Amino acid sequence: MSNFDDIFNRVGEKYKIPPSLLKSIATVESNLDPNAEGDLDLANTALGSSAGMFQFRTGTAKDYGLIDDQGNDYRKDPEKAADAAARKLISDTKYFRQKLGDNASSEEVNSLAIMAYNGGRGGANTPATQAYLNKVKSNLTPQQTQPQQAQPQQEQPRQQQRDPKLEAWLEKNTWFGK
């Protein structure tokens, strides 16, 4: 449990997104560090540097209200950044649903939205964003070691347990349907 679980739960409930997905993205992006700064070498470029728990770049932060017209920067505010991350996932999911149509599975659409979080819509489904998706998904699947039974020295195989809310999210697009 992290110090930010209440935020992930509130925002997840608000937008019908699994809180574990928000937490996983924040973990992959910054290891849950609200003060993280990345890509400082890009600070004076059009891309801008990334900052905060969800590592929003300057332009995307402006698009989602994390940097206002007066230049106030809220990327390091965990609640506002989580809210913006959820809205970005929703926007990207709607985009890919419209682009791919009703024949695409919700899992495919939602996976593309997660990849677009990292690489942008045009960069979704590249080897780099596929690796990102795998990291996000691996954080969603906690490993549990079963109690040892017959031989105390022998480790039993690990079983994966999926978050039921994530499974529902991947199977059915609850934000706007098909």
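Further up the page is the structure itself.
Read on for an overview of the structure. Just so we're clear, the structure is a prediction, and the values are computed from it rather than from any experiment. (Residues numbered from 1 in each chain as written. Predicted model: local features only at pLDDT ≥ 70, side-chain atom pairs only at ≥ 80, totals over all residues. Heavy atoms only, no water.)

1. A word on the overall build of the chain
Alright, step 1. If you tally the helices and strands in the chain, you get seven helices and five strands.
Alright, step 2. Counted from the first residue to the last, the chain has its helices and strands arranged as α-α-β-β-β-α-α-α-α-β-β-α.
Alright, step 3. Taken across its 178 residues, the chain has 43% of its residues classed as buried.
Alright, step 4. The contacts in the chain between residues at least 6 apart in sequence include a share of 50% that link residues at least 24 apart.
Alright, step 5. As presented, the chain carries roughly 10000 Å² of accessible surface, and 45% of it is formed by carbon and sulfur atoms. (Helix = DSSP H or I, 4+ residues; strand = E, 2+ residues; numbered from the N terminus. Buried < 20%, exposed > 50% of the residue type's maximum accessible area, 1.4 Å probe, protein only. Contact = heavy atoms within 4.5 Å. Areas by Shrake-Rupley, 256 points an atom, 1.4 Å probe, with all protein chains shown as cover.)

2. A look at the layout of surface pockets
Alright, step 1. Volume-wise, the largest pocket comes out at about 360 Å³.
Alright, step 2. Considering every element that reaches the lining of the largest pocket, the biggest residue donor is helix H5 (residues 106-119), with four residues.
Alright, step 3. In terms of residue class, the lining of the largest pocket is made up of five nonpolar, seven polar and six charged. (1 Å grid on protein atoms, 1.4 Å probe; cavity = no way out; pocket = protein on both sides within 12 Å on 5 of 7 lines; lining within 4 Å. Points joined across faces, edges and corners; volume = space filled by probe spheres on them. Nonpolar A, V, L, I, M, F, W, Y, C, P; charged D, E, K, R; others polar.)

3. What to know about the sheet that holds strand S2 (residues 50-51)
Each strand in a sheet pairs with its neighbour through backbone hydrogen bonds, running either in the same direction (parallel) or in the opposite one (antiparallel).
Alright, step 1. The antiparallel open sheet is built from three strands, whose spatial order is S1-S2-S3. Each of the sheet's edge strands pairs with one partner strand only, and the pair in question is strand S1 (37-38) and strand S3 (56-57).
Alright, step 2. The sheet contact formed by S1 and S2 spans two bridges and is antiparallel. Directly across from Gly 38, in S2, lies its bridge partner Ser 50. (Pairing = 2+ DSSP bridges.)

4. Observations regarding the packing of helix H1 (residues 5-15) against helix H2 (residues 19-30)
Alright, step 1. Two elements in contact, H1 and H2, have axes separated by 8 Å at closest approach and are oriented at 130°. One way to sum up the angle between H1 and H2 is to call them oblique. The chirality of how H1 crosses H2 is right-handed. Between H1, through Asp 5, Phe 8, Asn 9, Val 11 and Gly 12, and H2, the contact on the second element is made entirely by Pro 19, Leu 22, Lys 23 and Ala 26. (Axes fitted to C-alpha atoms, helices over the stretch in contact; angles between N-to-C directions. Parallel < 35°, antiparallel > 145°, perpendicular 65-115°, else oblique. Left-handed = near helix turned anticlockwise from the far one by under 90°.)

5. Here we look at the nonpolar core
Alright, step 1. In terms of nonpolar packing, the biggest core is built from 38 residues, with Phe 54 and Phe 56 touching the most fellow members.
Alright, step 2. Elements that contribute at least two residues to this core include exactly H1, H2, helix H4 (78-100), H5 and helix H6 (127-140).
Alright, step 3. Ranked by the residues each element gives to this core, the list is headed by H4, at eight residues.
Alright, step 4. Setting aside residues up to four positions removed in sequence, Phe 56 forms contacts with Ser 49, Ser 50, Ala 51, Ala 61, Tyr 64, Leu 66, Arg 75, Ala 81, Ala 84, Ala 85, Lys 88 and Tyr 117. (Core = buried A, V, L, I, M, F, W, Y, C linked by side-chain atoms within 4.5 Å.)

6. Notes on the side chain of Ser 24
Alright, step 1. As for its placement among the helices and strands, Ser 24 is situated in helix H2.
Alright, step 2. Its relative accessible area of 2% is what places Ser 24 among the buried residues.
Alright, step 3. Look past the residues within four positions of Ser 24 in its chain and what remains in contact with it is Lys 135, Val 136, Asn 139 and Leu 140.

Functional significance is not addressed by these values, which are geometric in nature.
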